[in-house]
Amino acid sequence: MEKVFIDSNVFIIHLRYQRDKNFEVNKKFLELVINGKIQGFTSIYNLLEIAGILSFNLNEKQIKEFFINFPKIFNVSIIFPENSTEETVCIDIEDTFSLILKKMSFLDAVILNIFEKSKIKTFITWNAKDFKEKTNKKVLTPEEFLKSLNKF
Amino acid sequence: MPVISMRIDEKLLKKLDELSKKTGKKRSQIIKDILRKELKEEKELTYYLEQMKKGKKTGNLDLETVEKWLSNTKPEFEKWEEAIKYSRQRTK
């Protein structure tokens, strides 16, 4: 089964931006993940970022529930950086800084770094243009990914 | 049983006394209850993070419930690009 690393914007569009022009194709992609047709992964940084964006609209109890249930809700596995514990995550300063030198924002660099260190070959994001030139691995939008599967 | 003393600002102390009057509990009991609740929640979060690290997908919340929670709220940002830009501190 194909494994993909999913960026925060895919989840955010589904949860918050139903009027976005890409909502339907985004939904089609996420349904494949939720139904186990493709194996979805994201990182603990992405999960914290998504919780942060939703924190404007959910109360503290709801955010906690959402955070701890996220892997089950979207049928995804969460990738933690090497050497991290349940309480702390580690950032590889050297690798992250080398991505920052390629003009990436801090969180983009941290996320790309954890993706590059994983065995997953494909990064799925609606910001594909921001990542394509920064990594040798495959970066696709959900639409491009579905086209590659002839599902769109 | 060990005894601890603590400093507390007047505003918070006033709220503590109001809560004490409302619930009929002593100040110390309220503080102990809050501490127990915090410790329980922290333990719960640690448990779920351990499960996540092991690749387990536990819990009982579904997507429909989250969508329902969000359905009556307006996103803080008009477009998803703005939300992501906000969290990633992009300048361009």
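Scroll up for the structure.
Residues numbered from 1 in each chain as written. Chains lettered and ligands numbered in written order. Predicted model: local features only at pLDDT ≥ 70, side-chain atom pairs only at ≥ 80, totals over all residues. Heavy atoms only, no water.

Peer 1: Got a sec to walk through the interface of chain A and chain B? Specific residues and values, please.
Peer 2: It is common to give the size of an interface as the accessible area lost on bringing the parts into contact. Between chain A and chain B, the contact holds 48 residues from the first and 36 residues from the second. Summed over both partners, the interface of chain A with chain B buries about 3,800 Å², with 62% contributed by carbon and sulfur atoms. Connecting chain A to chain B are four salt bridges. Among the ionic pairs, D7 of chain A bridges to R88 of chain B, the shortest N-O distance being 2.7 Å. The interface formed by chain A and chain B includes 16 residue pairs in polar contact (both at pLDDT 80 or more). Counting residues per element, the ones that place at least two in the side of chain A that touches chain B are helix 1 (8-16), helix 3 (44-54), helix 4 (60-74), strand 3 (76-79), helix 6 (106-117) and helix 7 (128-132) of chain A. No other element matches the 11 residues that helix 4 of chain A contributes to the side of chain A that touches chain B. (Contact = heavy atoms within 4.5 Å. Buried area = accessible area lost by both parts, 1.4 Å probe. Salt bridge = Lys/Arg side-chain N within 4 Å of Asp/Glu carboxyl O. Polar contact = N/O pair within 3.5 Å; in protein donor to acceptor, adjacent residues only side chain to side chain. Helix = DSSP H or I, 4+ residues; strand = E, 2+ residues; numbered from the N terminus.)

Peer 1: Pulling in residues and values, what's your account of the side chain of D7 of chain A?
Peer 2: Residues and elements named next belong to chain A. Within the element layout of this structure, D7 appears in the loop between strand 1 (3-6) and helix 1. Assessed through its relative accessible area of 0%, D7 is described here as buried. A distance of 2.9 Å separates a polar atom in the side chain of D7 from a polar atom in the side chain of T125. (Buried < 20%, exposed > 50% of the residue type's maximum accessible area, 1.4 Å probe, protein only.)

Peer 1: Can you break down a negative patch on the surface residue by residue, with the values?
Peer 2: On the surface, E87 of chain A together with E38, E42 and E50 of chain B cluster together into a patch of negative charge. Secondary-structure assignment places E87 of chain A in the loop between strand 3 and helix 5 (93-100). Classification of E87 of chain A as exposed rests on a relative accessible area of 58%. (Patch = residues over 30% accessible without salt bridge, like charges linked within 9 Å, V, L, I, M, F, W, Y side chains within 5 Å. Areas by Shrake-Rupley, 256 points an atom, 1.4 Å probe, with all protein chains shown as cover. Lys, Arg positive; Asp, Glu negative; His and termini not counted. Charge placed at Lys NZ, Arg CZ, Asp CG, Glu CD.)

Peer 1: Requested: an account of the pairing of strand 2 (residues 39-43) of chain A, with residues and values cited.
Peer 2: Residue and element names in this part refer to chain A. Counted residue by residue, strand 2 has four buried out of five residues, so it is predominantly covered. Bridge analysis of strand 2 against strand 3 gives four bridges, and the strand direction is parallel. Bridge pairing in strand 3 places S43 opposite I79. (Pairing = 2+ DSSP bridges.)

Peer 1: So what about unusual backbone geometry? Which residues, and what values?
Peer 2: All names here are of chain A. Not every positive phi belongs to a glycine, and N75 is a case in point at roughly 55 degrees. Structurally, N75 can be placed in the loop between helix 4 and strand 3. A positive phi angle, near 70 degrees, is found at K103, a position not held by glycine. A relative accessible area of 75% means that K103 is categorised as exposed.

Peer 1: Give me the lowdown on the packing of aromatic side chains, citing residues and values where you can.
Peer 2: Residue and element names in this part refer to chain A. Counted under the stated rule, the structure contains 13 aromatic pairs over all chains. Seen in terms of ring centroids, F70 and F74 are 5.2 Å apart; in terms of plane orientation they differ by 50 degrees. Their pairing is tilted. Here the residue F70 and the residue F74 both occupy positions in helix 4, the gap between them amounting to four residues, near one helical turn. With respect to class, F70 is no different from F74; both count as buried. Ring centres 5.1 Å apart and planes at 55 degrees place the aromatic pair F115 and F123 in the tilted group. No difference in accessibility class separates F115 from F123, as the two residues are buried. (Phe/Tyr/Trp six-rings, centres within 6.5 Å; stacked < 30°, edge-to-face > 60°.)

Peer 1: How would you summarise the nonpolar core if you had to cite specific residues and measurements?
Peer 2: Ranked by size, the top nonpolar core spans 48 residues in total, and within it F29, F66, F70 and F74 of chain A carry the most contacts. Residues I79, L99, A109 and I120 of chain A belong to the second largest nonpolar core, which totals 18 residues. (Core = buried A, V, L, I, M, F, W, Y, C linked by side-chain atoms within 4.5 Å.)

Peer 1: Could you give an account of helix 4 (residues 80-88) of chain B, naming the residues involved and the relevant values?
Peer 2: All of the buried residues along helix 4 of chain B are W80, A83, I84 and R88 of chain B. The buried residues of helix 4 of chain B occupy one face: seen down the axis, they fall within an arc of 115 degrees. Packed against the buried residues of helix 4 of chain B are helix 1, helix 3, helix 6 and helix 7 of chain A. Two residues or fewer past helix 4 of chain B, Q89 of chain B is found with a positive phi of approximately 55 degrees. (Arc of directions from axis to C-beta.)

Peer 1: Can you lay out the pairing of strand 1 of chain A for me, pointing to particular residues and giving the numbers?
Peer 2: Residues and elements named next belong to chain A. Where strand 1 and strand 2 come together, three bridges link them in parallel fashion. By the bridge assignment, V4 is partnered in strand 2 with G40. Note: strand 1 against strand 4 (residues 122-124), three bridges, orientation parallel. Bridge assignment links I6 to a residue of strand 4, and that residue is I124.

Peer 1: So what's going on with helix 2 (residues 23-34) of chain A? Residues and values would help.
Peer 2: All names here are of chain A. In a regular helix each residue adds 1.5 Å, so 12 residues correspond to 16 Å; helix 2 covers 16 Å between its end C-alpha atoms and thus fits that length. Among the residues of helix 2, F23, V25, N26, F29, L30, L32 and V33 are the ones counted as buried. Two residues or fewer past helix 2, G36 is found with a positive phi of approximately 75 degrees. (Expected span 1.5 Å × (residues − 1).)

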